[in-house]
Every structure is written in structure tokens, then in C-alpha cells.
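# Observations on chain architecture
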Amino acid sequence: MQLKRYLPSRDQIRETRSLRFLGAVILESNLWHFNRHSLSYAVLIGCICCFLPIPFQMVPCALLCILLRCNIPVAILIVWISNPITYGPMMYFAYTVGLRLLGMTTPNIPELLTFDWFLEQLADVWLPLLVGCLICGLVTGAIGFLSVRLYYRWRISRYIQQRRQRHR
């Protein structure tokens, strides 16, 4: 893959001061290699963390990647889909999904928006937002996971067919 040449080398990672607290864990081969397991789980984790309604989504993403031994750069790259431009629409979409799943209605917006009204609405918004984020993250993660697995299966079958044709 062409993406490999843009990733840091093992020596560069070892020399990075901010990563030294992780010790040898950060040098685990599956955290940086491109294989079926590592990439499919990285896409799953990246998509789930992409929909987390928290700041610094990369931290839980990297920790889950270390825990599940999957590709950190790919997962972080997918988390970056939720950037300051896309975060608002993504959270609104997740909120509306949560509203529909829970059978709730959208709150009425008064003509004059006040900070007190906003604080009152937070108590009603958190549950649909959390449910919607969880569902959207799991659905996009499952689609991404299956897509990577199907892509690898297709590539392997194509390679086998080409090898059979060469031997004929």
C-alpha cells in the first residue's frame, strides 16, 4: 500500500518522547501493519469513536486500538472524519436517530433563546444523543468492518484466479 511510506518507522516511534510512557506496547506489530484483522478492527473502532459526543475522540480510539491490537493510524484517520466542520451535522443526525428510536419528539424552540432554556434542554437531549451516537457508530463501524473483510476476500480470490491462469 502507498500509505505505508507516510507512516513513521519503528525507530521514529521509539524515539518519540511523548510516546515513551507506553513502552514496548506501542511497538506491537499489529498496531502499525496492514492486514485483514488489523484494518477491519481499526475501521470498526474508528467509526465508533468518530460518533462519540466527547472532545479528544482520538484518545479512547488509540486506547481501544492498543487493547484490540489493531492499526492505530487508520483508526485515527477515520476519527478525523468528525472534524469541526462535520461534527455538528453528525451529532444532529445522531440526535435525530436517537429521537426516532426512542419515540421522542423534537423540543419546541422559543423565539427568544436564553441560556436557561439551553440548560433545561440538556437534560432532555443527552439520552437521544447518546443512543443515536451509539447506534450510528455501531452501524457505520459494522459496515466498515464488513467492507474491509469483503475487500480482502475479493482480493484473495482475485489473486488465486490470476495464479491459476498463469499456471495453465
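As the structure is a computational prediction, the values presented were derived from the model and not from experiment. (Residues numbered from 1 in each chain as written. Predicted model: local features only at pLDDT ≥ 70, side-chain atom pairs only at ≥ 80, totals over all residues. Heavy atoms only, no water.)

Relative to the helices and strands, Leu-130 is located in helix 6 (residues 115-167). C-alpha of Leu-130 to C-alpha of Met-91: the two residues are 39 residues apart in sequence and 9.5 Å apart in space. (Helix = DSSP H or I, 4+ residues; strand = E, 2+ residues; numbered from the N terminus.)

Turning our eyes to something else, we now look at the nonpolar core. In this structure, Leu-39, Val-43, Ile-45, Cys-61, Cys-65, Ile-72 and Val-74 are the most contacted members of the largest nonpolar core, which totals 23 residues. When contributions to this core are tallied by element, the ones reaching two or more residues are helix 2 (36-50), helix 3 (58-68), helix 4 (72-79) and helix 6. Judged by nonpolar contacts, the second largest core, of 11 residues, contains Cys-50, Met-91, Tyr-95 and Cys-133. (Core = buried A, V, L, I, M, F, W, Y, C linked by side-chain atoms within 4.5 Å. Buried < 20%, exposed > 50% of the residue type's maximum accessible area, 1.4 Å probe, protein only.)

Attention now goes to the packing of aromatic side chains. The final tally for this structure, using the stated rule, is three aromatic pairs. Their ring planes at 70° and their centres at 5.1 Å tell us that Tyr-41 and Phe-145 sit as a pair that is edge-to-face. Here the residue Tyr-41 occupies a position in helix 2, and Phe-145 occupies one in helix 6, the gap between them amounting to 104 residues. An aromatic cluster of at least three residues, connected via ring pairs, comprises Tyr-151, Tyr-152 and Trp-154. (Phe/Tyr/Trp six-rings, centres within 6.5 Å; stacked < 30°, edge-to-face > 60°.)

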